[in-house]
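What the coordinates show
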Amino acid sequence: MSTETLEEKKLTKKDFVTPNDVRWCPGCGDYAILNSLQRCLPELGVPKENYVVVSGIGCSSRFPYYMNTYGFHTIHGRAPTIATGVKVANPELIVWMITGDGDGLSIGGNHLMHMLRRNVDVNILLFNNRVYGLTKGQYSPTSPVGTRTKTTPSGSIDNPINPILFALGAEATFIARTVDTNPKHMISVFKAAQEHKGVSFVEIFQNCVIFNNKTWEPVYGRQNRDDNLLILEADQPMVFGKEEKMGISLNGSTPEVVKLGDADPVEKNVLFHKPDQTGSLYTAMLAEMEYPNFPTPVGILRQVDKPTYDSQIHEQVVEAKASDAAKASLQDIVYGPSTWTI
Amino acid sequence: MDTQSTHAEEFQELESVVIRFAGDSGDGMQTIGERFTDSSAAFGNDLATFPDFPAEIRAPAGTIPGVSAFQIQIGSREILTPGDRPDALVAMNPAALAVHLSELEEGGILVLNSAAFSHENLRMAGYDSNPLEDESLIGKYELIQVDINHFTLESLSEIEMSNKDKLRCKNFFALGFMYWIYSRSLETTIEFIESKWGKKLPVLADANIKVLKAGYFFGETTETSRNRYMVAKAEVEAGKYRKISGNDALVLGLITGAEKAKRNLLYSGYPITPASSILEGLAAYKHFGVKALQAEDEIAAIGIALGASFAGNLGVTGTSGPGMCLKAEFIGLATATELPLVILNIQRGGPSTGLPTKTEQSDLLQAIYGRHSDAQIPVIAANSPSDCFETAIEAIRIALTYCTPIIFLSDLYLANGAEPWKVPSVDSYPQMDVPFAEEGKPYSTFSRNPENLSRTLAIPGQTGLEHRIGGLEKDESGNVSYDPSNHEDMTLIRSEKIKKVAESIPPTEIFGEKTGKVLAVGWGGTFGSITSCIRSMQAEGFSVSSIHLRHLNPLPNDLPKIFEGFEKILVPELNMGQLNVLLRSQFLVDTIPFNIVQGQPFKVKELTKKIHELLQD
């Protein structure tokens, strides 16, 4: 192919759009996420053919069909395994993995955990709408206790999983949260996720307009977001509030909301966000801060450096190929260490 | 014992002999079995081995479940099986005697470690009275009682080791003594001991060699009036040989096949008996570019392999029966997306955990039919340890040529069993270059090669060929399609493609005449037993032939024609009759099943008896 012309041509959002009709429900939060990723990728300087989008099963997992890249719509919960195989086979590729709260945290919880702890250099977007959409409205592992659905007519009784704590438990090296109503924020988080060397876990608060409409409204609705979202930025004070300036400070080892008024955050001992803390306590504290007791934090909660699984496998192979053992021919290894001649 | 002639006073020459070493699972029976194998191979015997160990790593010492055994048949003629019943049994404790005595040939050599026949050990083995003291063994066997513990400690009196550690060497005493009885040199074993422990643990190396020699000299000095035996070199084709087990051959076959196909090999597995040694084996070949990953579970293992195939590697995964159940959904996805993938099933006794360290061939129908929907994929099976090499290359050929997942069936008997192998020249295997789609040309995901109906892969990183695949039904261009007739067309063409594989396989080889009274039809690990049986019956003039199938789906096209030549068709299998069902349903042929499911390979005698029955009917 005339690769020169392609290289010269700067990629645009259009290059990442497929001609296929997008078949999500009108008003679904997925549209904004798709749009944001399509806007983000052209800016990252990676040739389009090096992108692979992998997904499991669920509404969110139709995503690859709408991205004009290499794509693989796999089976329920198992996207992390395919994504790991792709990345290990060819570490040059940039792999995005799309999953949901059911796909990633219920049927696929095991694979997600292992992908996170291995630090496979894959970018994970977990669409969390706290409901099963494609199977029409059953409760999910992130639904709050008491959620009434067709399978839980008296209200759900099982404690929901906190996706950020889950990722932290597996010591993911990049943990972030964003919201489907804020494309600018999504794009900045997606960019940082791709640029992070290692696994990137991004929880997206996403609205299911049919089966769980407005589930995040108290957190990110137009009227609520200034008071109930805490936008984290590295080395910046944790401040929020529309009318009244508020901040987060520590009382002993417990976070608390403090009123700032016109006071300087430093004076009021407001915490400054440090996403690069290697220990897990700090991120755990952020993960447990949730509406209504706290503003819910969004942004990059944690980002630390660790060697990646795929690069280490690759390095071990390169090292082995340079070793004395590599001087053996295929015929030599088939003969093995001990032969006799008749 | 197959006595040919009494050659000299000192040695009785045998055409073949079967020896079984049995003891506690901590007694090192596998180690000395392996050593006897190496020595016999180096000497030039043909041979076959069968390790038989318990599912528990260390069941309580002295108990029946803790007994571990290793059987070897050596011969100056062609040896295809480890033998039906041992001519000589070494039993290191009462439990080993209790488990294995019934199999020993009448008049066979029975070597017992008398030191282990304590009251407690006898009780654990279920003996009311001590067989060394009562009449039960007398006159039935060539009984040799040796206080192996005593002689082991005695021979190590000058070595600084605890008595407990010294006694760990006692297996080498038994080995040394058997070397004396069967007139074997100690050289190969001494070399082994020196290379294994000489540098790291010289004291242990020294101790093992001393004990080995003590066993040999014990024979020389105290058993001078005893018969000794000699199994002469086998007359085999000239060439360079090695000893090989099925899983080792499989590892080398996969590496060779990947090289021939110019694809990087990525193997992903999860530990399971008896497939773990494939993952372990491949992990040692990083210098050949092999990526071998231990996944978090069976599902992840196949998912990682399939992801690697999508990215242009050769993805391979391996497991045993229960793991196949977990992989089934992914095999469906690989079928729908038409990606090359090799899936190894090293069968064991089931269902469920079943007999994890015993052999069976009961996953054939699972391999062929065990998926949701109409999802045909090729299935092939290896027939001997060394044949795993050839069959692995064949699996790769089919997977890449037809862009399909394929199931490779082996079994525990082949995986762990070993035989001498005339190592082929790797240059004798043709290149299998299956190109990826060409950049710059329009790409349609499911447009097909009209010859074999295969699609062409385009892989991530190729410019301009971006496309999406997945589990949803697609049309030829690769778009999701719910169109009723498209689904039928795609279902048919996927199935037709698999049938095409049969056009690429060589004619079925018939062992014996093309017509006759009985044809035995086998597959997989029963090759040795069936072939031994058929050859000896043919030598006796009976009208029997056999075929052994490597390709099980699709079955060879020439089978109906072959079946026409025989009055009766016998299908011996270590299952309840699975190939039998296939043959009957596909060819409307009145096959006769012969099934044994005891976790052990067929005994040649059992088969021979069955065929005699058929001949007499």
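Read on for an overview of the structure.

Remarks on the overall build of chain B
- Looking only at helices and strands, chain B has 20 helices and 23 strands in total.
- Rg of the C-alpha trace for chain B: 27 Å, near the compact-globule value of 25 Å for 617 residues, within the 12% margin.
- For chain B, the spread of C-alpha atoms along the three principal axes comes to 85 × 60 × 50 Å.
- Residues classed as buried in chain B amount to 62% of the 617 residues present.
- Contacts spanning at least 24 positions in sequence make up 75% of the contacts within chain B whose residues lie at least 6 apart.
- Here chain B displays about 23,600 Å² of accessible surface, and carbon together with sulfur accounts for 50% of that area.
- Chain B carries 54 positive and 78 negative side-chain charges, and their two centres are separated by 4 Å.

Notes on the packing of helix α9 (residues 246-261) of chain B against helix α14 (residues 387-401) of chain B
Residues and elements named next belong to chain B.
- Where α9 meets α14, the closest approach of the two axes is 7 Å, and the angle between their N-to-C directions is 40 degrees. Looking at the two axes, α9 sits oblique to α14. For the crossing formed where α9 meets α14, the hand is right-handed. Here α9 contributes G246, A249, L250, L252, G253, L254, T256, G257, A258 and A261 to the contact with α14, which in turn contributes C388, F389, A392, I393, I396 and L400.

Brief notes about the packing of aromatic side chains
- Under the counting rule described, the total for this entry stands at 27 aromatic pairs over all chains.
- Centroid distance B:Y216 to B:F217: 6.3 Å. Interplanar angle 85 degrees. Geometry classified as edge-to-face.
- Since its relative accessible area comes to 15%, B:Y216 is described here as buried.
- Residue B:F217 is classed as partly exposed on the basis of its relative accessible area of 42%.
- Members of the aromatic cluster, joined through ring pairs, are A:W24, A:Y31, A:F63, A:Y66 and A:F127.
- Between the NZ or CZ atom of A:R130 and the centre of the ring of A:W216, over which it lies, the distance is 3.9 Å.
- Sitting over the face of the ring of B:F192, B:R35 holds its NZ or CZ atom 3.4 Å from the ring centroid.

Things to note about the interface of chain A and chain B
- Counting residues at the interface gives 61 residues for chain A and 69 residues for chain B.
- Taken together, the two surfaces of chain A and chain B that pack against each other cover about 5,300 Å², and 65% of this comes from carbon and sulfur.
- Considering only the surface of chain A that becomes buried against chain B, A:Y70, A:W340 and A:I342 emerge as the three largest contributors, covering 15% of it.
- Viewed at the interface, chain B and chain A are joined by one salt bridge.
- As a salt-bridge pair, B:E296 and A:R118 come within 2.9 Å of each other at their nearest N and O atoms.
- Those elements that provide at least two residues to the side of chain A that touches chain B are α1 (3-8), β2 (70-73), α3 (79-89), α5 (109-118), α11 (309-321), α12 (330-335) and β14 (340-341) of chain A.
- Looking at the side of chain A that touches chain B residue by residue, the classes come out as 28 nonpolar, 26 polar and seven charged.

What counts as what
- Residues numbered from 1 in each chain as written.
- Chains lettered and ligands numbered in written order.
- Predicted model: local features only at pLDDT ≥ 70, side-chain atom pairs only at ≥ 80, totals over all residues.
- Heavy atoms only, no water.
- Helix = DSSP H or I, 4+ residues; strand = E, 2+ residues; numbered from the N terminus.
- Rg over C-alpha atoms; globule rule 2.2 N^0.38 Å.
- Buried < 20%, exposed > 50% of the residue type's maximum accessible area, 1.4 Å probe, protein only.
- Contact = heavy atoms within 4.5 Å.
- Areas by Shrake-Rupley, 256 points an atom, 1.4 Å probe, with all protein chains shown as cover.
- Lys, Arg positive; Asp, Glu negative; His and termini not counted.
- Charge placed at Lys NZ, Arg CZ, Asp CG, Glu CD.
- Axes fitted to C-alpha atoms, helices over the stretch in contact; angles between N-to-C directions.
- Parallel < 35°, antiparallel > 145°, perpendicular 65-115°, else oblique.
- Left-handed = near helix turned anticlockwise from the far one by under 90°.
- Phe/Tyr/Trp six-rings, centres within 6.5 Å; stacked < 30°, edge-to-face > 60°.
- Lys NZ or Arg CZ within 6 Å of the ring centre and 35° of its normal.
- Buried area = accessible area lost by both parts, 1.4 Å probe.
- Salt bridge = Lys/Arg side-chain N within 4 Å of Asp/Glu carboxyl O.
- Nonpolar A, V, L, I, M, F, W, Y, C, P; charged D, E, K, R; others polar.

By themselves, these figures tell us nothing about what the structure is for.
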